[in-house]
Structure formats: C-alpha cells, structure tokens
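# Results of the structural survey
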Amino acid sequence: MAEVPILVVGGGPAGASAAATLVEAGLRVLLIEQRDRLGGAIHRQTASGAESPVWRPARHRRNWAALTARLGAAAERIDIRTQTVFLGVDGEGRFLFEDRRSERVLARRPRAAIIAVGAIETIRPFPGWELPGVMTVGGAQVLLKETGRPPAGPVLIAGSGPLLPALAAQLARAGNPPVAVLERGRPWRAPGALARLILSGGPTGEAASYAAVLAAHRVPYRCGASALRAEPDGDGLKVACRIGTSEQSLHVRHLLIHDGIVPNRTGIPLPAPEAAVPVLQAGDGREALGADAAILDGRRAALQVLARLGHASTAGAASLERPLQRARDFQAALAEALHSARVAPSPETLICRCEGRSYADLAALAEDASAREIRLMGRFGLGACQGRLCGPMIEALRAQPLPATSSPRWPLRPVSVAALARLTADETE
Amino acid sequence: MSSHLFWNGVPIAFEPGETIAAALLRAGIVDLGRPDDGPGGRVFCGIGACQGCVVTVAGAAPVEACLTPARDGLRLGPLPWIGADHG
C-alpha cells in the first residue's frame, strides 16, 4: 500500500514552503489548492502565463521561483490537486474536499495536516460598503496581477495599511492612477513607531518607490482621511469622504477598501496538540505576518510535523522563532503607526452582508451575548460566507473576541448535493 | 472566433486562463444581480472567502466567479435564477 501522505491545504507561500520541506525529508504530500495554479494571492500569476506587467518587489519573484523549484525537484512525492476546495473535517475525522473539475467530493485520512489558507482582509463597515462597485484592495490587486489590466474608470482607495499605496502605485503604473488614497491613520502622530519601522530593516525601499510613483502620477495620499458612505450614482458610486476636518463627495466607478488582514480561521478544526493526526496552521492563516514570514512559518509547521512523526528534532522549528519575532515586531510597529480610534458605524450600516443584518441588529443583542446567540438570534455569520467577513467586524465592534462556538462544522463552502453524492473515499481506509 | 461565455444570455469574451470575474469586470459587469431583496452580487474579496461573487451555472453547481476559470460556452446568471431559463 502506498505511504499515507501528509495533507497541506493551500498553495500559497506557507503551503508551498511546508510541502517542499516535507518532501525534502522524504515524505509524501497531498497539496490542495482552490485555484487552478499555485501561488496564493501574493504570487498570483497572469492568466495567460506571460510575465506579469504589474510591478512587484524582486524578492517576491525570487522567493516564489525558489519554492516552485523545490516542489519541482520532488514532484514524484507530491500529489498537487488544483481547483480543489477544502470543505472541512467530518465527524469521522475525514478531511473533505471538493474537486471542482470533476464536481465530486473527496474524503481523505492524512497522517497529519498543515492548513495554510492565508488571511482575509478586514474592513471597517460604513453605509454602502456592500454595494457592487466596492471591492477589497487585495481583491483588486489579485485581479490586476491576473489580467495586467487596471479596473476601468475612476478608482478611489480608502481604509488603512501599506497595501493601499502599494496597489495605488501598481494601478498608476498599469495606466489608471486612483483619484486618491485615503489613509485612516495619522502616522506622524506616532513618531516612535515610525522610527522602529525605519530601523527594523523592513521594506522601506519598497515604500519609497511607491511614494515616488504616487508623486509622479500626482495621486493624493491623504492621512486622517476615510470613506464615510457610498451610494449608487449613475454607473458608479458617490462616495462621501472625510479628509482632515472637511467632508467632500467623489464620483467613482470603483471604491477599493481595506483595513488590514486577519488569519482565515473560520471553521478550521484544530484538535488537541497530542491528537493522533496532528493538524497545524501555517502562514498568514495562523498569524498575519506577511508573505516573507509565511515561507518561514510554513517551514516551521512542516518541521513540527516531522518532529511529531519522529523524523526530526524540535530544534529546527525553534530556530525559526527569531525571524518570525522580527516580522511580528514589524507588524506591531506598523499597526501602532497607523492606529486610529474606532467610531461606531451608523445604525443602518450593514454588518452581515449575507443575511442583511445591520449594526442596529448587532447593538440590539445583549452585551454578553454568546457566539451561539449572535448567530441564532442575530443571524450574524449564518450566511454563505460563514462569518468569515462579518466575524472580524463583530469582534472589533464589540471590542472582544467572539466566544468560540462548538466544534467547527463542515462544509466551509457551499457544496452541491450532487458533488456530495459522488463522494469518493480513499483506498487507505 | 475568440472564446465566449454567456452572462444572462449575452456573450462575454474572455482570454485563456482568465477567471469568470475578470471576464465580467472587463465587460463592465459590476453588479451580479440580486439574490433576494439584498444588495447585488459582486466581486469583493477576490479569494473565494466572501461568497459575494457566487454565480449560477446552467447545468452545474453555482461557483465563485473569482476562483473559477472561464470556459467557452459557460452559461451564467445571477443567483436567484438557479434552474431558471438561461440555458
């Protein structure tokens, strides 16, 4: 019988790094990726396969080339399944996936699993964020990487974080500079954090190049500025913005929003550390530290699995703690530099888009409502996205982590009954 | 003739390897229709998490437009039209 593989879910930098580390140790790996190609959001390739016209730091290109070379060198020990969506773990401990090509569900029992499903973007909700024409900054960046084309018509970027100027510069270079970038934070009010960022040896050169592109294209980058509300306006959106103390209205075709990233943990089953089949998280899905740290973290998770299975000592994984701590310090300084006070949204602001639930509906729940009450009485997180989007918003608005629900239930994604009916279990059972 | 999919019966050209989302957005289709009285469908997160861009596929299960490669002859529509006559 063939050796039972170790499962890696997610073909971004963390998953690819974990898979490469495992196969280099001589083990077999089943690598699952929802898209038709590996790379994750950060290393999204062009649809045509041609060299991307979108500017990005050279180190990302090098890092991904190195990871794909490592995977290629051990291709005979990796089973890569693309267009395959992780659905969760069933009551019998089987990992379930939907193969979107054959429209069937697969059930597998791996020796161990590393879940590296990346981060999701958070937003601070405002009236109109739910409208067509509003997209996340990261979502727009993935599309730009794939197509090489910026969205047509006037674009406004609003929210907070380094991704805002990065995408603005990429859009400008691709031929459609945004009308403005509205950064909620006021970094000059946190000189200590700014100094730590500069001294951290982080990508300050990258930041300077974005700033130069924005200046060359005369894209205003305003701090202490935010989108207040959006409404349909002809074939686009009318966006009311606060810039400093004044309010102004902009007509745009696309409004791109982003207020940071959080690990995508919704529905990920994590058994006790000593469970027979270890399940570990890696990369931005464990802790949002960015693409460079994700490669280290994927390796760390793989080394931990190897140690659990008796193939390695725990020293290798421990040696990665220091560089990960540097990434953590950098993210903490960044968060401090861009910190801005939270303002409660107006009552009509939608929080749960799937179920159409507003901030007034959330505020009507008891202050100490349990996760179960928030779901069953408030109907938050009961929709198609399973709370991936509104969960972090609710946590932030309630200023406390959502109490845990009972063990996560599959499916994490809607799956057709027809695909379930064609379930195939693996031969190792 | 280049490759086309159909949105509400209207042919939409796409390039090889492109997602449904990329093809629809290039054609200027930003509003993906209303599942009920809620806001219209739309491409939002781009990574399959938010489910905002789920579209109906004639003869198959609904899919996230942002994850799914476009295919020649795919007949797509907004969510409420599951099983409705656009195939």
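Quick look at the structure, then. Everything numeric in this text was worked out from a predicted model, so none of it was measured. (Residues numbered from 1 in each chain as written. Chains lettered and ligands numbered in written order. Predicted model: local features only at pLDDT ≥ 70, side-chain atom pairs only at ≥ 80, totals over all residues.)

Turning our eyes to something else, we now look at the interface of chain B and chain A. Facing 31 residues of chain B, the contacting portion of chain A comprises 35 residues. Among the elements of the structure, helix 1 (20-26) and strand 4 (60-64) of chain B are those that each provide at least two residues to the side of chain B that touches chain A. For the side of chain B that touches chain A, the leading source of residues is helix 1 of chain B, giving four residues. A breakdown of the residues in the side of chain B that touches chain A according to their chemical character gives 18 nonpolar, eight polar and five charged. (Contact = placed C-beta atoms within 7 Å. Helix = DSSP H or I, 4+ residues; strand = E, 2+ residues; numbered from the N terminus. Nonpolar A, V, L, I, M, F, W, Y, C, P; charged D, E, K, R; others polar.)

Residue and element names in this part refer to chain A. Reading across from one edge, 9-16-10-11-12 is the order of the five strands in this open sheet, with parallel pairing throughout. Looking at the sheet topology across the chains shown, the edges are occupied by strand 9 (134-136) and strand 12 (221-223). Across this sheet, the average inter-strand angle for adjacent strands is 20 degrees, counted without regard to direction. Bridging between strand 10 (residues 155-159) and strand 16 (residues 254-258) involves five bridges; their strand directions are parallel. Counterpart to Ala158 in the pairing with strand 16 is Ile257. (Pairing = 2+ DSSP bridges. Axes fitted to C-alpha atoms, helices over the stretch in contact; angles between N-to-C directions.)

Let us look at the pairing of strand 6 (residues 104-108) of chain A. All names here are of chain A. Two strands pair when backbone bridges link them, and strand 5 (residues 95-99) and strand 6 are joined in this way by five bridges, in the antiparallel orientation. Counterpart to Leu96 in the pairing with strand 6 is Ala107. In this antiparallel pair of consecutive strands, strand 5 and strand 6, the connection spans four residues, and Glu103 shows a positive phi of 50 degrees. Bridging between strand 6 and strand 21 (residues 424-425) involves two bridges; their strand directions are parallel. Within strand 21, the residue paired with Leu106 across the bridge is Thr424.

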